[in-house]
Amino acid sequence: MIYNRMFKYRIYPSKKQIVKLETQFSICKEVYNTLLDQSQKYNFTQTFDYNQLVIMIKATCEDRYYKPYSQVLQNVSDRLHKAFDNFFSRIELRKQGIKIKAGYPRFKRRVNSMTYPQKGYEFLSEKKLYVSHVGNIPVVLSRAIQGKIKTLTIKKNKAGQWFAVFSCKFDVPTPKHSSVKKAGLDVGLERFGTLSRNQGIIANPRFFRKSEKKLKHLQMTLSRRTLRSNNWQKQRVKVARCHLKISNQRCDFLHKASTILAKTYGTIIYEKLKIQNMLKNHNLAKSISDAGWGSFLRMLSYKELTLGGQTEGINPMFTSQTCKVCKKRTKILLSQRIFVCKHCSHTAHRDDNASDVIEDTGGHPGIYTPVEIPPLPLCLAKASGINESGTICGASI
């Protein structure tokens, strides 16, 4: 089984190196916008044409276009080519009747990352990373890199933090999961997750809601500052850091919860929710976004795959209205938290009933040994703000 895995590390460039990096980001933005403009004028979308145009730009324009590493600008043309490919793919989906925005590539106001696709970087030691046309940058290797490094991406977030992201490829034998246990998972807002057969409940930490008051005061202070002034820039960074902390807390919680589930169960069945459509309900949109269901299910899927397990998504229609005992439907409102079947009088919490229905819909009952299953800690809601550095972005068998 071949994996593509990302390893993300903090880097600490000096002030001079930051100036070099931001200058190269600006040049990448100019090249991208120039390629898009020429593509619209002369109607070409192939990578070869973009690369030839990049060579012409470097040959006929200012010397500053030589400041970025040559393959970095080639990657800019590759990004635009992929943007057009995705645009045409969405057009085909629209022709099939799928409601989706076409998303024509747009001109960029800023670029906050650049990629070295093959070379131009080297580890000098465990604490130093050499990057071509930038210099030796201090790096914190929070974990060992596995596999063969394919690309390096230098990123900057809105809080002013810098990261080096390595894309690595490695081949491992297909693993076999150590557990044959099976569970249905119902995600929600009152409870973040409910497992079938009363096997566990994951509390909803609501990180954004808890930090909303602090964020409100920071944003009010920002609104009183003169736009683009030094004090405005300082306050903007404070707001960005508050958002970053919330994001890190959520990401840490999702990683921990998904890891526990992936190690405990060999098969997990969940609902294939259309989260983007659910966000159109403005009464619940903030809470749904705060929960992070989509990221959680993606993490759970790739971790199960890595451990040799499997996940199965089912149609979410009527899972909350179907009785797990008699399999008949009883219509209930979203505000009703207790499910009472009008046919057989079965009574249960709606999330408990839904998780059992999800599991039964996904296949035959699995093997349950509740004594051996470690309880899911409710203290996951108090997760720290540390972001897991390595994630698998894709896998092929």
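Data block above holds the structure.
Residues numbered from 1 in each chain as written. Predicted model: local features only at pLDDT ≥ 70, side-chain atom pairs only at ≥ 80, totals over all residues. Heavy atoms only, no water.

As a further point, take the pattern of salt bridges. Applying the stated rule across the entire model yields 16 salt bridges. A salt bridge links Arg64 to Glu30, with the shortest nitrogen-to-oxygen separation between them at 2.5 Å. Here Glu30 lies in helix α1 (residues 15-42) and Arg64 lies in the loop between α2 (47-60) and α3 (70-95), a separation of 34 residues in the sequence. Residue Arg64 is classed as partly exposed on the basis of its relative accessible area of 25%. The structure contains a network of salt bridges with shared partners spanning Arg197, Lys327, Glu359 and Asp360. (Salt bridge = Lys/Arg side-chain N within 4 Å of Asp/Glu carboxyl O. Helix = DSSP H or I, 4+ residues; strand = E, 2+ residues; numbered from the N terminus. Buried < 20%, exposed > 50% of the residue type's maximum accessible area, 1.4 Å probe, protein only.)

Attention now moves to the pairing of strand β7 (residues 162-171). With respect to burial, β7 is a largely interior element, eight of its ten residues being buried. Relative to β7, strand β6 (residues 148-156) is paired through eight bridges, and the arrangement is antiparallel. Bridging across to β7, Lys155 finds its partner in Phe163. Hairpin connection between β6 and β7: a loop of five residues separates the two successive antiparallel strands, and Gly160 in this loop has a positive phi of roughly 85 degrees. (Pairing = 2+ DSSP bridges.)

Aromatic rings in a pair are described by how distant their centres are and how their planes are angled relative to each other. Evaluated as defined, the whole model comprises 15 aromatic pairs. Taking the centre distance of 5.3 Å and the plane angle of 55 degrees together, the rings of Phe87 and Phe88 count as tilted. Residue Phe88 is classed as partly exposed on the basis of its relative accessible area, which comes to 39%. Centre to centre, the rings of Phe192 and Phe296 are 5.0 Å apart; their planes meet at 80 degrees, and the pair counts as edge-to-face. (Phe/Tyr/Trp six-rings, centres within 6.5 Å; stacked < 30°, edge-to-face > 60°.)

Before going further, it helps to spend a moment on the sheet that holds strand β9 (residues 191-195). Read from one edge to the other, the open sheet built from five strands follows the order β10-β9-β8-β11-β12, with strand pairing classed as mixed. Every other strand in the sheet has two partners, leaving β10 (200-203) and β12 (310-314) as the edge strands with one partner each. Between one strand and the next, the sheet's axes are offset by a mean angle of 20 degrees, whatever the strand orientation. Sheet topology note: the strand β8 (residues 182-187)/strand β11 (residues 267-271) ladder contains four bridges and is parallel. What sits directly across from Lys182, in β11, is Thr267. Its contacts with the sheet place helix α5 (residues 230-264) against β8, β9, β10 and β11, and it is angled at close to 170 degrees to β10. Its contacts with the sheet put helix α9 (residues 350-362) on β8, β9, β11 and β12, and the angle it makes with β8 is roughly 130 degrees. (Axes fitted to C-alpha atoms, helices over the stretch in contact; angles between N-to-C directions. Contact = heavy atoms within 4.5 Å.)

For Trp232, the location among the structural elements is in helix α5. In this structure, the C-alpha to C-alpha distance between Trp232 and Thr221, residues eleven residues apart in sequence, is 8.9 Å. The residues touching Trp232, leaving out its near neighbours within four places in the chain, are Leu222, Arg225, Thr226 and Leu227.

Turning next to empty space enclosed by the protein. Following the criterion strictly, the structure yields one cavity of 30 Å³ or more and no others. Here the largest cavity is characterised by a volume of approximately 40 Å³. As for the largest cavity, its lining consists of Cys28, Tyr32, Val76, Arg79, Lys108 and Val111. Of all the secondary structure elements, the ones that give two or more residues to the lining of the largest cavity are α1 and α3. Taken together, the residues of the lining of the largest cavity break down into four nonpolar, no polar and two charged. (1 Å grid on protein atoms, 1.4 Å probe; cavity = no way out; pocket = protein on both sides within 12 Å on 5 of 7 lines; lining within 4 Å. Points joined across faces, edges and corners; volume = space filled by probe spheres on them. Nonpolar A, V, L, I, M, F, W, Y, C, P; charged D, E, K, R; others polar.)

For the rest of this paragraph, the subject is α9. Between its terminal C-alpha atoms α9 stretches 18 Å, which fits the 18 Å expected from 13 residues at 1.5 Å a residue. Among the 13 residues in α9, eleven count as buried, and that is most of the element. Within the span of α9, buried status applies to Arg350, Asp351, Asp352, Asn353, Ala354, Ser355, Asp356, Val357, Ile358, Glu359 and Gly362. The elements touched by buried residues of α9 are β8, β9, β11, β12, β13 (338-340) and β14 (347-349). (Expected span 1.5 Å × (residues − 1).)

Shape descriptors only; they carry no functional weight alone.
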